[in-house]
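Here is how the chains run, residue by residue.
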Amino acid sequence: MAKARAEVQAANGVPAFYVTEDEHEHSGGSTMLGFWLYLMSDCLVFAVLFATFGVLGRNYAAGPSGADLFDLRLVAVNTTMLLLSSITYGFAMLAMDKGRQAAMQAWLVVTGLFGLAFLAIELYEFAHMIHEGATPMRSAFLSSFFTLVGTHGLHVTFGLIWLTVLMVQVRRRGLIEANRRRLMCLSMFWHFLDVVWIGVFTFVYLMGVLK
C-alpha cells in the first residue's frame, strides 16, 4: 500500500507526519486468484446449462430434432475458427514473453478475426434455424439449445470486446506489468471458451446428429 505523507511542525518542534492519500494497489497474485474464482463460477454456469440440455435435449414437441437442423460441416468450420483463434492467442503470448509488442498485436488482430468469423457463422446458423421455424419457443430442445450455445456466443463477444480494449491499452502504455497480467487473464478466458465449445460440439451437435 502506497501512502503519501505530509510533514507538519508539532508544538515541541518535532516533525510529525500524517497520511494525506491512501492508494490501494492490487498484487498480481490476488488478481489471478480472483480470476480463477471467476472461471470456476463460470464452469458452474455452463455445467447447469449442459445438464439442462441433457434433460431437455430430446423433448422435440413434434418439432425438428438436431439431426434435422444441424449441418456438421458448417459446425466443423466454426469449431476450426475458434480453435485457430486459441492457437494464434498462444503465439501472441509467446511474443509478449519476448517483449515483441508489434508481433503480439498482430497475433491479437488475427485472433480477433477468427473470433469474429466464429460469431458470424453462429449468427448465420441461428438465423437459418429461426427462418425454418426452429425458434427457441418451438420446443424444450430448442430452448435449451439456444440458451447453451447463445451463452457461449455471448462470452466470445465479451472476449472480443476485452481483446480490443487490451490492444488499445498496450498501444498506449506498452507491455507494462498490469497489461501483461490482463493479457494472461484473457488468455485463460479464451482457452476456457475453447474447452467449453469442444463440449458443445460433442454433446450438442455430434450426439444430436447421431441420435
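Not measured: the values here are computed from a predicted model.

A. Geometry of helix α5 (residues 140-173). Spanning 34 residues, α5 covers 49 Å between terminal C-alpha atoms, matching the ideal 50 Å at 1.5 Å per step. Where α5 terminates, the next one or two residues include G174, which has phi positive at roughly 80 degrees.

B. Spatial organisation of unusual backbone geometry. A positive phi angle, close to 50 degrees, is found at A61, a residue other than glycine. Relative to the helices and strands, A61 is located in the loop between α1 (28-56) and α2 (66-69). For A61, a relative accessible area of 51% gives the class exposed. One non-glycine residue, A62, adopts positive backbone phi at about 60 degrees. Structurally, A62 can be placed in the loop between α1 and α2. Residue class for A62 comes out exposed when judged on its relative accessible area of 80%.

C. Expanded view of the packing of aromatic side chains. Using the criterion set out here, one finds 20 aromatic pairs in the structure. Ring centres of F53 and F203 lie 6.0 Å apart, and the angle between their planes is 70 degrees; on these two criteria the pair is classed as edge-to-face. Here F53, found in helix α1, pairs with F203, found in helix α6 (residues 177-210); they are 150 residues apart in sequence, far enough to count as distant. Exposure remark for F53: the relative accessible area of 5% places this residue in the buried category. The partly exposed category is assigned to F203, whose relative accessible area is 30%. Members of the aromatic cluster, connected to one another through ring pairs, are F50, F53, Y60, F70, F118, F126, F141, F145, F146, W197, F203 and Y205.

Criteria and cut-off values
Residues numbered from 1 in each chain as written. Predicted model: local features only at pLDDT ≥ 70, side-chain atom pairs only at ≥ 80, totals over all residues. Heavy atoms only, no water. Helix = DSSP H or I, 4+ residues; strand = E, 2+ residues; numbered from the N terminus. Expected span 1.5 Å × (residues − 1). Buried < 20%, exposed > 50% of the residue type's maximum accessible area, 1.4 Å probe, protein only. Phe/Tyr/Trp six-rings, centres within 6.5 Å; stacked < 30°, edge-to-face > 60°.

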